[in-house]
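Survey of secondary and tertiary structure
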Amino acid sequence: EGNTEGQAPNLAQSAASKLSQMGERTKQLGNVIQNPERQKRIILVIVCIALLLDNMLYMVIVPIVPDYLEGLQNAADRAQEAALHTNSTNSTIHKVTKGNFDLQIGILFASKAILQLLVNPLSGTFIDRVGYDIPLFIGLNVMFLSTLIFAFADNYATLFLARSMQGLGSAFADTSGIALIADRYTEESERSKALGIALAFISFGSLVAPPFGGVLYEFAGKRVPFLILACICLADGVLCLTVLKPFSNRERENMPVGTPIYKLMIDPYIAVVAGALTICNIPLAFLEPTIANWMEETMHASQWEIGMTWFPAFFPHVLGVYLTVKLAAKYPHLQWFYGAIGMVFIGASSCTVPACKNFGQLMIPLCGICFGIAFVDTALLPTLGFLVDVRHVSVYGSVYAIADISYCVAYALGPVVAGQIVHDLGFVQLNLGMGLANVLYAPALLLLKNVTQMKPSFSERNMLLEDGPTGLYDTIKMEQREKKRKGLCTTIDENGIETFAQRSYSEEESSGGEYA
C-alpha cells in the first residue's frame, strides 16, 4: 500500500512535467508553422492532400458504382418478375431498364462536374473576396460530408446527392487550393514547381483510385474505401484549421480587389489557355466512361484488367510534370511550346487507341495521353498565374476558377456525350475526332508566344509598370485603384523585396506593386 501511495505523487509530478514539455513543444511547433518558408511547404501539403482526395473520390466510384447499382437494379427486377410472371413483358421491361441504366450511370458520373461548373464562377468570386483559406476549409468540410454519404448511400438518389455535394466541395477546395499555391509561391520557377507537384497528386488520385476502389470493394465491401477517404479528409481539415487559421481576420481587410471573373474570361490569352485545358482533357474524360465496354467487346478483358488499364499512366504523367518543370526553369519563354507539344502527343496517342488488340498494347497510348496532359497542365497553369500578375490584379481565385471550369466542361460532357457518340458513330471515330481536335488546337497556343515579353524582367510583383498604363483598360483600372487607395499610399522602392517576404501580413503592398 505504501508503495502505491509513494507512486501517486510521482505520477502527478511526471504528468505535470510531461504536460509542460508538451506545452513547450506545442509552442515550438507553433513557431515552426509560422515560419513563412515552412508554412509554404505545409500549405503545399494541405492543398496536395485536398486535390488527391478530390480526384480519388472522383474516380474511386468507377469500379464500385456500376456494379453496386446493377445489384440494386437486379433486386428491383427480381421483385418485378415475381409480380409479373409473364416472359414477354418482362423482356421488354429489361431492355428499357438496360438503356436507362447506362444513362443513369452517365448522369451520376457527370453530376459532380456539372455542379462544379455551375458553382465555380461564384466560388471564384467568393475566394477573391474572403481570401483563400476559408473556402479551402469549407471545401474540405463539404467533401468530408459527401464521402460519408457515399459510404452509407443505399439508393440512386442518395448516391446522386453525394456526387453533387462532392462537386460543390471541389469548386471551393480545388480552386482555392491552386490559387493559394500561386499566391504563396511568387517566383516563377518556384510556382511552376509547386503547381507541378500539385498536378502530380491530382493524377495520382485519379489513376490510383480505380484499383484502390476495386480491390477494397471486392474484399472489404462498399463502405471501406469511402470511410478511409473520409478519415484522410478529416485529418486534412484539422491540419488546415491549425496551420492556416482560416478564421483569424488578419488578411481579409487587406485583400486587394480582384478582377471580376467575366473580365478574365474575355481576356484573349486566358481564353486560349482555358480552351487548351478543356480540349486536352477531353480524351481522358471521354475514354473513362466508354473504354470498359469497348475492352469487354473487343478484347474480352476481365474486371481487374479494366481496373488496371489506367494505373501505369501515372508514371509517364509524373515524368511529364517533372520534364516540364525542368524545361520551364531553363527556358521559361517556351511555356506555350511545351503546351503545344503536349497537345500533339495527346492527339497522336488518342488516334492509336482503337488500333490496340490487347490489354498490354492499350497501356501505351493511354500512357501517351497522360504524358501529354502533364505537359499541357504543367505549362499552362503557371501561365494563368503570370497572366493575372501582368495584365490584371494578383488575386488568383477567379483565374483558377476558370481553369477548373475548363476541366469540368470536359468531365461534364464526357459521361453524357461519349456514350452517345460511340453509339451513333463508333469508338474509332470518337478517338480520331478527339485526336484531331488536339492536334488542330495546338497552333492556337502560338498566341501565348509573347506572354513572356509582357512580363517585367524579374518577379513582376516587385516592379512598377515600366511605361505607365498602356491602354484604356489599364488607365481606367489605375484610376479605380487610386480611388480605392485614398489614404493607403503603398511605397515600393529598393526594399520592395522585403515587403514581399512578409506577404501574408501585408497583402496590400504585394498587389499594389504593379500600380503603385
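A short tour of the structure in this document, coming up. Computed from a prediction, not measured in an experiment: that's the story for all the values here. (Residues numbered from 1 in each chain as written. Predicted model: local features only at pLDDT ≥ 70, side-chain atom pairs only at ≥ 80, totals over all residues. Heavy atoms only, no water.)

Helix and strand counts for the protein chain come out as 19 helices and 0 strands. For the protein chain, the proportion of its 516 residues judged to be buried stands at 52%. A separation threshold of at least 6 residues defines the contact pool for the protein chain, and within that pool the share at least 24 residues apart is 85%. Split by element, the accessible area of the protein chain, about 23500 Å² in all, is 66% carbon and sulfur. (Helix = DSSP H or I, 4+ residues; strand = E, 2+ residues; numbered from the N terminus. Buried < 20%, exposed > 50% of the residue type's maximum accessible area, 1.4 Å probe, protein only. Contact = heavy atoms within 4.5 Å. Areas by Shrake-Rupley, 256 points an atom, 1.4 Å probe, with all protein chains shown as cover.)

Within the secondary structure layout, S176 lies in helix α5 (residues 156-184). Accessibility expressed as a relative area gives 0% for S176, which makes it buried. At 2.5 Å, the side chain of S176 forms a polar contact with the backbone oxygen of F172. Once residues lying within four places of it in the same chain are set aside, the contact partners of S176 are I127, Y132, P135 and L136. (Polar contact = N/O pair within 3.5 Å; in protein donor to acceptor, adjacent residues only side chain to side chain.)

Before going further, it helps to examine the nonpolar core. If you look at the biggest cluster of nonpolar residues, it comprises 126 residues, and the most contacted ones within it are L136 and Y400. At 20 residues, helix α2 (residues 36-84) tops the list of elements feeding residues into this core. Shared between two domains, this core takes at least three residues from each, and those domains are domain 1 (28-74 + 102-248) and domain 2 (257-466). Once you skip the residues sitting within four places of it in the chain, L136 turns out to touch I46, V47, A50, A173, S176, G177, L180, C240 and L244. A328, Y338, F375 and A379 belong to the second largest nonpolar core, which has 5 residues in total. (Core = buried A, V, L, I, M, F, W, Y, C linked by side-chain atoms within 4.5 Å. Domains from an automatic or database assignment.)

On the surface, L103, I107 and F160 cluster together to form a nonpolar patch covering roughly 240 Å² of accessible area. With respect to the helices, strands and loops of the structure, L103 is situated in helix α3 (residues 87-130). (Patch = residues over 30% accessible without salt bridge, like charges linked within 9 Å, V, L, I, M, F, W, Y side chains within 5 Å. Salt bridge = Lys/Arg side-chain N within 4 Å of Asp/Glu carboxyl O.)

Let us look at the packing of α5 against helix α6 (residues 188-220). Look at α5 against α6: their axes get within 9 Å of each other, and the N-to-C directions meet at 155°. Between α5 and α6, the crossing angle belongs to the class labelled roughly antiparallel. By crossing handedness, the relation of α5 to α6 is classed as right-handed. Across the interface between the two elements, I178, I181 and A182 from α5 touch R191, A194, L195 and A198 from α6. Taken together, the residues that form the contact of α5 with α6 break down as 6 nonpolar, no polar and 1 charged. (Axes fitted to C-alpha atoms, helices over the stretch in contact; angles between N-to-C directions. Parallel < 35°, antiparallel > 145°, perpendicular 65-115°, else oblique. Left-handed = near helix turned anticlockwise from the far one by under 90°. Nonpolar A, V, L, I, M, F, W, Y, C, P; charged D, E, K, R; others polar.)

With that settled, consider helix α9 (residues 268-299). Between its first and last C-alpha atoms α9 spans 45 Å; for 32 residues at 1.5 Å apiece the expected length is 46 Å, and the two agree. Of all the bends in α9, the largest measures some 45° and sits at T290. Within α9, 23 of the 32 residues are buried, leaving the element largely enclosed by the surrounding structure. Structurally, the start of α9 carries an N-cap: the backbone nitrogen of Y269 is 2.9 Å from a side-chain oxygen of D267. (Expected span 1.5 Å × (residues − 1). Bend = angle between axes of the 7 residues up to and from the residue.)

These results come straight from atomic positions and should not be treated as a statement about function.
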